Structures are given as C-alpha cells and as structure tokens.
Amino acid sequence: MGGGAEQFYVNDELQRQKRSFSFRLRRSIGDGGSTNSRNSNNNSSTCTNNNSLLSPVTSARLEVPSLSVSVSRRSSIYKKPDKDDSGIIHIVPDIELPLMTFSDQYDIEKTLAEGCFARILLAHHRPTNTTVVLKAVHAELATLKDFQKEFHLNYQLSHHRNILSAYNVAFQTKDYYVFAMEHAPFGDLAANLGQHGLHESACKTISEQLSSALGFMHSKNLVHRDLKLENVLVFTPDFSRIKLCDFGTTTKKSLLVHKVKHTWTSCVPPEVLEIVKNERFTCMPASDSWQFGILLYNILTGSPPWHMADWVKDAQYASFMKYEERKTTKIPDNFRRFSPRLMRCFRKYLTHDPEDRCKVTEVTKYMKDRWVECRIATSKSAMLISPNPDQDSCIYLNKREGRLSADENKLKLKRMMSTYGLDNSIDQTVVRRRVIEWLSTCDTNFDSDLESLAALEVAN
Ligand SMILES: Nc1ncnc2c1ncn2[C@@H]1O[C@H](COP(=O)(O)OP(=O)(O)OP(=O)(O)O)[C@@H](O)[C@H]1O
C-alpha cells in the first residue's frame, strides 16, 4: 500500500489461475504472532510477528486466493497443521494498516448491514473497476489485534469454495479498520429463509457445503464459534453456492475462551450456556457441530427447535433431551415431521454431552436419505408445515390427493388395503341386487327405477 491504500501480493505459482481481477497469493508467513478474540477479552493464543507481510505492489489490483486450485496444492500456507496444533494458519501477522479515507479509492454504494461490531458496505473499487464489500470494524469496539486476526483467518481460509473470499486488502480510516471481500449478491441465509423453511433438497445442498467449510476449518484446528443463519452468505438463488463468513470469533481449538456475546440463545450449546459470566472454557469443534444441528433444523422448518438448550427453562429442549437420551421413544412434537434417518442425524449433532457429539461432516452420510416425512398428519404441529407446494408436507400431499380422480383414489385405497392383507373385493352384482330388493320393499312407486336398475344389472 505504501503511499496508496491497498496491499497486493504476488505468487507466481498461482498466477495462471487468477480471475479477471485476481492477483497473486502471497506466500511468506512470519514467525510468531498473536491472536485475540474480538468477543472474548480473554486471549488465549499468543503470537507475535514482526514481519510486515502485506508488502505493497505498485499496480492497483485486488487480490484474492484463487478458488480454482485445490487445497492440496497450496503448499506452505495450507500444509496440514502439526500434531501439536502449531499450524501456520494460527500465526497472525502484525499488519501495518495504511491510513486513508474510503473515498480515496472507493465509491460507497450502500450499507448492506450493520453488525454488532462492523458496518458492511457495498463499494466500487475505482482503480480495478470492481464491486467489493468492505467490512468496516468500529475501531473503538475492536482492538487492532482482533481485526488482524479476523482478516488473516478470513484471507487464509478463502481457498475453500464455501468460505467467503477476502481480498488481500486492508486499511484503516479515522473510525474503522477495514478489509475487502467479495460480494454475496443474495445476502445471508436469514434473509432467504421465509416462515416455513426451505425445501429438503435445498437444505441438503446447503448443509453439504456448510459442513465442508466447517470441516475444513476443523482440519486446521480452528473453531468458528458463531455459526448462525446470518453468517452464511448466498451466491445463487438455488443455494448451489453458499459461503461461510464472519471469522471474528474464530478460535484455535483447545484454547480458553469466553462466551461469544451478541448471538442467539438458541445457537448456544448447552455446555456453553451453563458457563457463568466471565468464566472461561475450552473451545472445541463440538460447539460448531451443535450450531450446525440447530442451523439444519432452522433451515428445514423456518425457526430454531427451542429457545435455549436448558432443560429446566425450556420444555421443548427438555422433551428433545429425553428422547435423545433414550428415556422416551416419543419423538418431540416439533421433530415429528422428520424421517427416522434424519432423527438419527439430529441426535448425533444435538447430543447434550459435547464429548458424544458427532463431527460436523456427519451429515454427508445422510444425503441419500429422505429427511422430511408425512408422519405428522394427525399432530397439531402439522399446521406448522409449509403450504408451499414444493415443500414435502402433508398439506401438499393432501392437496395433491385432491387433484386425483375419485377412481384413482379408490384404486390407491384398494392397493393400500391389500398391502395390509385387507382385501375388500366386493361383488357389485350382489350389492345391486340387495339395493333393488330393499327399494322394492320401500316404495311401490319406484317401479320404473327398479326396472332401470334391473336392466343395468342384466347389462353388467
Ligand atoms: N460479503 C458480503 N456480501 C453480502 N452481505 C454481507 C457480506 N458480508 C456480510 N454481509 C452481511 O452483513 C451481515 C453482518 O456481517 P458480519 O457477520 O461479517 O458482521 P459482524 O459485525 O461480525 O456481525 P455480528 O458480529 O453481528 O454477527 C451479515 O449477516 C450479512 O447479512
């Protein structure tokens, strides 16, 4: 950046794969570093780095790690973390942030969102004629170290196709620490969800991508810690490309942390809910697994399964916990719409004890199964199911039934009854004869009708 505002990095090896405005990936990583968590005044990992890694280049280009290269080719930066967790990704470099104003290089088009700590701005980067999103973190709400850590992790994780790409561009203004990232044209999952959730196939697509992103982070011994609808960005209307964002609370596994502030209580795992204020606890990937389970339920239904994972205060959680611990076989009402296979999956993600919780990638084993069933036809909660004709709901099935002709319905009923050994073949001739006899005893004026019925019988 130097006198200018941006920082650009070069990696000859990846140049071939660069996008239209892409750049080259820097490779040098300093020694030592420090990490602080924005939300947890604790701070847990300690690193320092004296190298200023963001060496400027002269051309005005934005840099983002190429997404078309597989992770395995990313040599030094993405080498598997050592057994002692000293993976290089955990070393947060001290980045010198040049002071500038937004208008030096950007036209701010609009504010996309105001997070708890940051403003998210849609901007046009004039020198490269590129639309970017600027995450402007309030300088009085975050330390420089917090900012450096979030930027560093986001940038380093950008190689995964389901993790938001950050450009290698960071600067500070009078009030903000700022870094640039790609724009998600369809906003976040919360904005795309609707009252009744999404179709099963969309949920499968989302969960597969998200579990892959989180699995990638876990393989680097990183825990996201703030998985929620608002932190999943949508790039295509059919959800075939979604990306995880917001690495402000991401922490190295096994470090001592404080609770994440400013999140939904429904997303807080039970073991974290139990922690008293200011107490610290060990950060484990199992908390991402929990949040993944909550998010999965949320996208399937449109709302979280309970208000908080406290079996004393929350009856819905209490009934799930009883079921999950096999103290009852009664499926909690709000889970009745799901197939046994998906219930098995939920049990693994939403196990009360974090030690027993599955890995975040477990969901991939359930992709071929049916997830939503019509089991709740008689339950009260049936009314909660989406009237959306694409939704796998009883309401939808009933509507569809209504469209079938009476004959088709009779045929279906016959087939179903014979499956259960209830073959009810009725001799129509006998029925008709009985009706004729009965009518003849009722009303002598019915003669003509009787005649026509008798004629019908002969014809049959
Ligand atoms: N690249 C992007 N493209 C489009 N929208 C974005 C992008 N990044 C963030 N947003 C929107 O801004 C919101 C806030 O972003 P982000 O979570 O990064 O900020 P934050 O201050 O860390 O939020 P919080 O701490 O409240 O979760 C997101 O939920 C999303 O709706």
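Residues numbered from 1 in each chain as written. Predicted model: local features only at pLDDT ≥ 70, side-chain atom pairs only at ≥ 80, totals over all residues. Heavy atoms only, no water.

### Here's the deal with the overall build of the protein chain
In step 1: Tallying secondary structure elements over the protein chain gives 11 helices and 11 strands in all.
In step 2: Burial analysis of the protein chain (460 residues in total) assigns 51% to the buried set.
In step 3: A total of about 22,200 Å² of accessible surface is found on the protein chain, and carbon and sulfur atoms cover 53% of it. (Helix = DSSP H or I, 4+ residues; strand = E, 2+ residues; numbered from the N terminus. Buried < 20%, exposed > 50% of the residue type's maximum accessible area, 1.4 Å probe, protein only. Areas by Shrake-Rupley, 256 points an atom, 1.4 Å probe, with all protein chains shown as cover.)

### A look at the sheet that holds strand β3 (residues 130–138)
In step 1: With respect to topology, five strands assemble into an open sheet ordered β1-β2-β3-β5-β4, the strand pairing being antiparallel. Whereas interior strands pair on both sides, the edge strands pair on one side only; in this sheet they are β1 (106–114) and β4 (166–172). With direction set aside, neighbouring strand axes in the sheet form an average angle of 25°.
In step 2: Pairing of strand β2 (residues 118–125) with β3, which is carried by eight bridges, proceeds in the antiparallel orientation. Residue pairing across strands places R119 opposite A136, the latter belonging to β3.
In step 3: Along the sheet, helix α1 (residues 144–157) contacts β3, β4 and β5 (176–181); its crossing angle with β4, the most-contacted strand, is approximately 165°. (Pairing = 2+ DSSP bridges. Axes fitted to C-alpha atoms, helices over the stretch in contact; angles between N-to-C directions. Contact = heavy atoms within 4.5 Å.)

### Re the side chain of D288
In step 1: Following the sequence through the fold, D288 ends up in helix α5 (residues 286–301).
In step 2: It is R225 that comes nearest to the buried, bridge-free D288 among opposite-charge side chains, at 7.1 Å.
In step 3: Looking at D288, its side chain comes within polar contact range of the main-chain nitrogen of R225, at 2.9 Å.
In step 4: Filtering out sequence-adjacent residues up to four positions away, D288 remains in contact with L214, H218, V223, H224, R225, L227 and V360. (Lys, Arg positive; Asp, Glu negative; His and termini not counted. Salt bridge = Lys/Arg side-chain N within 4 Å of Asp/Glu carboxyl O. Polar contact = N/O pair within 3.5 Å; in protein donor to acceptor, adjacent residues only side chain to side chain.)

### Considering the confidence of the model for the protein chain
In step 1: Residue-level pLDDT values for the protein chain average 75, and 63% of them are 70 or greater.
In step 2: Note on residues 1–60: pLDDT is under 50 here. Beyond four places in sequence and across chains, it has 191 contacts.
In step 3: Across residues 443–451 the pLDDT falls below 50, and counting only partners more than four positions away or on other chains, this stretch makes three contacts in the model.
In step 4: Under the prediction, the complex receives an ipTM of 0.98, its pTM being 0.69. (pLDDT = per-residue confidence, 0-100.)

### Some points on the packing of α5 against helix α7 (residues 340–349)
In step 1: Direction vectors running N to C along α5 and α7 enclose 145°, while the axes themselves pass 8 Å from each other. Contact residues: α5 offers S289, W290, F292, G293, L296, Y297 and L300, while α7 offers L342, F346 and Y349.
In step 2: Broken down by class, the residue content of the contact of α5 with α7 amounts to eight nonpolar, two polar and no charged. (Nonpolar A, V, L, I, M, F, W, Y, C, P; charged D, E, K, R; others polar.)

### Describing α7
In step 1: Buried residues of α7: L342, M343, C345, F346, R347 and Y349, and no others.
In step 2: Elements in contact with the buried residues of α7: α5 and α6 (315–324).

### Description of the pattern of salt bridges
In step 1: Inspection of the entire model under this criterion finds 15 salt bridges.
In step 2: K145 is the partner of D94 in a salt bridge, and the nearest nitrogen-oxygen pair spans 2.7 Å. Here the residue D94 occupies a position in the segment before β1, and K145 occupies one in helix α1, the gap between them amounting to 51 residues.
In step 3: Here D369 makes a salt bridge to R341, at a shortest N to O gap of 2.8 Å. With D369 in the loop between α7 and α8 (394–403) and R341 in helix α7, the pair connects residues that are 28 residues apart, well separated along the chain.

### Focus: the pairing of β1
On any regular strand, side chains alternate: one points to one face of the sheet, the next to the other face.
In step 1: Alignment of β1 against β2, held across seven bridges, turns out to be antiparallel. Looking at β2, one finds that T111 is bridged to L121.
In step 2: Linkage of β1 to β2, two consecutive antiparallel strands, is achieved through a turn of three residues.

### Topic: the site of the ligand
In step 1: Around the ligand, the surrounding shell holds 22 residues, and the nearest of these are K135, E182, D188, E230 and D246.
In step 2: Residue D188 places a side-chain N or O atom 2.5 Å away from an oxygen atom belonging to the ligand.
In step 3: A distance of 2.9 Å is found between an oxygen atom of the ligand and a side-chain nitrogen or oxygen belonging to D246.
In step 4: Within the complex, the protein chains bury 92% of what would otherwise be the 620 Å² of accessible surface of the ligand.
In step 5: Taken together, the elements giving at least two residues each to the shell around the ligand come down to β1, β2 and β3.
In step 6: Split by residue class, the shell around the ligand holds 11 nonpolar, three polar and eight charged. (Near = heavy atom within 4 Å.)

### Observations regarding the packing of aromatic side chains
In step 1: Following the criterion strictly, the structure yields 22 aromatic pairs and no others.
In step 2: Measuring from centroid to centroid gives 6.5 Å for F151 and Y155, while their planes differ by 40°, and the two rings are tilted. Highlighted residues: F151 and Y155, both in helix α1, separated by four residues, approximately one helical turn. Y155 matches F151 in its accessibility class, with the two residues each being buried. (Phe/Tyr/Trp six-rings, centres within 6.5 Å; stacked < 30°, edge-to-face > 60°.)

### Notes on the pairing of β3
In step 1: Buried residues dominate β3, accounting for eight of its nine residues.
In step 2: Hairpin geometry of β2 and β3 is characterised by an intervening segment of four residues between the two adjacent antiparallel strands and by a positive phi of about 55° at N129.

### Overview of the environment of H352
In step 1: Relative to the elements of secondary structure, H352 occurs in the loop between α7 and α8.
In step 2: Given a relative accessible area of 17%, H352 falls into the buried group.
In step 3: C-alpha separation for the pair H352 and P269, spaced 83 residues apart in sequence, amounts to 8.1 Å.
In step 4: Not counting chain neighbours up to four residues away, the residues in contact with H352 comprise P270, E271, E274, Y317, M321, E324, E325 and R357.
In step 5: Among the polar contacts listed, one links the side chain of H352 to the side chain of Y317, at a separation of 2.7 Å.

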